[in-house]
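So you can see what is in the structure, the chains are spelled out below.
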Amino acid sequence: MDAFDSPQAQDPQPQDPRDTPLRGEHEELGASFTDFGGWLMPVRYTSDLAEHHAVRQAAGLFDISHMGEILVEGSGAGAFLDHALAGAISAVAVGKAKYTMILAEDGGILDDLIVYRLQDDEFLVIANAGNRETVARALTDRVAGFDATVADESDDYALIAVQGPAAERILAATQGIAELTPELGEIRNYAWGPAVFAGEPLLIARTGYTGEDGFELLVPVSAAVSLWRAVLAAGEPEGLVPAGLAARDTLRLEAGMPLYGHELSRDIVPAQAGLGRVIPAGKTGFIGEHTPRPDARVLIGLAAEGRRAGRAGYGVYSGDELVGEITSGALSPTLGHPIAMAFVDPSAKDAPELTIDIRGTRIPASVTALPFYRRNS
């Protein structure tokens, strides 16, 4: 089984997956592809392990143009997003970003998002590829009564991620990036700065999905290929490699980051996934307020010895009792032993030892605090 397991689609997907603006670049680099969220995406270029280790030790370059970009504008945009999303979005300063969620009426998770405040009355919502239409539709349905507009502009933009300890040096050396304010080193975590590349607007954000330092670059489709090539050229002396979804999946798993369709879904509320913090204490009047589910399964980390890793769907046992199910698992390239995230019964989260049923064999596993891996700051 490959290290990368695609999440289940949340909405019916087109029969033929869509291409990102960088498909030709991936083909020239020898990528193999997979259908992910309705998009044909590079799963690897050389090997999963090589790309994973490059991100931890130097840097990796990811095409994440399958993500959705939804623009919310108007004098009531902040108040609208406070109502429509789980977080306190109106409190986000211009130049900053916030991780949040959009919830169903009963509190189930429709998607996890990053929201950037571009101006006082302008916000950019980044949605997961498979949920782009769900998020755009929900925001459009919820905007009535607010002085705000919602526009899905996903087809106009490409998104590229540079992740790893050398990411800042690589971007600083990238030819063609100009007029960046503030300077690259002054952009802190979950902040962004505007720039220009090849005459086109460029947004540089210090965000990512790997557990490493890094940046995500939003640029119009017309400049995507030139930007990709420029970053690759600047990163060659630093050991930058193009990296696919397989490495991205093991990196985010080591960092304890959830993947929609695995740790997050319409049937899960934030607190179950250990993400109750996305809802500010005392916040009311937003869609998705709900009564806590004290008996619902909760997300935990599991670590095991040996080389056999639990995968999504494998059972978790306490003695002879089935108490949960793996949502994501892999042999950790960085740590050298199996790791997994799983939803288990609340009574099992403090058990001294659980077991994972791996094709009929019970493998002992210990409950471990998330994340499994934390970079040196």
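Residues numbered from 1 in each chain as written. Predicted model: local features only at pLDDT ≥ 70, side-chain atom pairs only at ≥ 80, totals over all residues. Heavy atoms only, no water.

- An unreviewed UniProt entry annotates the protein as Aminomethyltransferase originating from Microbacterium paludicola.
- Word for word, the UniProt comment on the protein under Catalytic activity (unreviewed entry) is "N(6)-[(R)-S(8)-aminomethyldihydrolipoyl]-L-lysyl-[protein] + (6S)-5,6,7,8-tetrahydrofolate = N(6)-[(R)-dihydrolipoyl]-L-lysyl-[protein] + (6R)-5,10-methylene-5,6,7,8-tetrahydrofolate + NH4(+)".
- Turning to the protein, the UniProt annotation filed under Subunit (unreviewed entry) states: "The glycine cleavage system is composed of four proteins: P, T, L and H." (UniProt positions renumbered as here; feature names shortened; annotations may be inferred.)

1. A word on the pattern of salt bridges
So, step 1. One pass over the structure, following the stated rule, counts 17 salt bridges.
So, step 2. Arg 23 serves as the salt-bridge partner of Asp 19, at 3.0 Å between the closest nitrogen and oxygen.
So, step 3. Looking at Asp 19, the relative accessible area reads 39%, which means it is partly exposed.
So, step 4. Of the charged contacts, one joins Arg 362 and Asp 357 as a salt bridge, the two residues approaching to 4.0 Å between their closest N and O atoms.
So, step 5. Among the charged side chains, a salt-bridge network with shared partners connects Arg 18, Arg 132, Asp 152 and Asp 155. (Salt bridge = Lys/Arg side-chain N within 4 Å of Asp/Glu carboxyl O. Buried < 20%, exposed > 50% of the residue type's maximum accessible area, 1.4 Å probe, protein only.)

2. Thoughts on the sheet that holds strand S9 (residues 149-152)
So, step 1. Pairing is antiparallel in the open sheet, where five strands are placed in the order S6-S7-S8-S5-S9. Whereas interior strands pair on both sides, the edge strands pair on one side only; in this sheet they are strand S6 (97-103) and S9. Between one strand and the next, the sheet's axes are offset by a mean angle of 30°, whatever the strand orientation.
So, step 2. Packing against the sheet, helix H3 (residues 77-84) makes contact with strand S5 (68-73), S6, strand S7 (109-119), strand S8 (122-127) and S9, and its axis sits at approximately 125° to S5. (Pairing = 2+ DSSP bridges. Helix = DSSP H or I, 4+ residues; strand = E, 2+ residues; numbered from the N terminus. Axes fitted to C-alpha atoms, helices over the stretch in contact; angles between N-to-C directions. Contact = heavy atoms within 4.5 Å.)

3. What to know about the domain arrangement of the protein
So, step 1. By domain assignment, the protein separates into domain 1 (22-67 + 156-254), domain 2 (68-152) and domain 3 (292-376).
So, step 2. Computed over C-alpha atoms, the centres of domain 1 and domain 2 are 24 Å apart.
So, step 3. Taken residue by residue, the interface counts 14 residues in domain 1 and 18 residues in domain 2.
So, step 4. Overall, the association of domain 1 and domain 2 removes approximately 1,300 Å² of surface from exposure, summing both partners, and the carbon and sulfur fraction of that is 65%.
So, step 5. Considering only the surface of domain 1 that becomes buried against domain 2, Met 67, Tyr 190 and Trp 192 emerge as the three largest contributors, covering 53% of it.
So, step 6. Our count for the domain 1 to domain 2 interface comes out at zero salt bridges.
So, step 7. At the boundary of domain 1 and domain 2, one finds four residue pairs in polar contact (both at pLDDT 80 or more).
So, step 8. Elements with a minimum of two residues in the side of domain 1 that touches domain 2: strand S10 (157-163), strand S13 (200-205) and strand S14 (214-220).
So, step 9. Considered class by class, the residues forming the side of domain 1 that touches domain 2 number ten nonpolar, three polar and one charged. (Domains from an automatic or database assignment. Buried area = accessible area lost by both parts, 1.4 Å probe. Polar contact = N/O pair within 3.5 Å; in protein donor to acceptor, adjacent residues only side chain to side chain. Nonpolar A, V, L, I, M, F, W, Y, C, P; charged D, E, K, R; others polar.)

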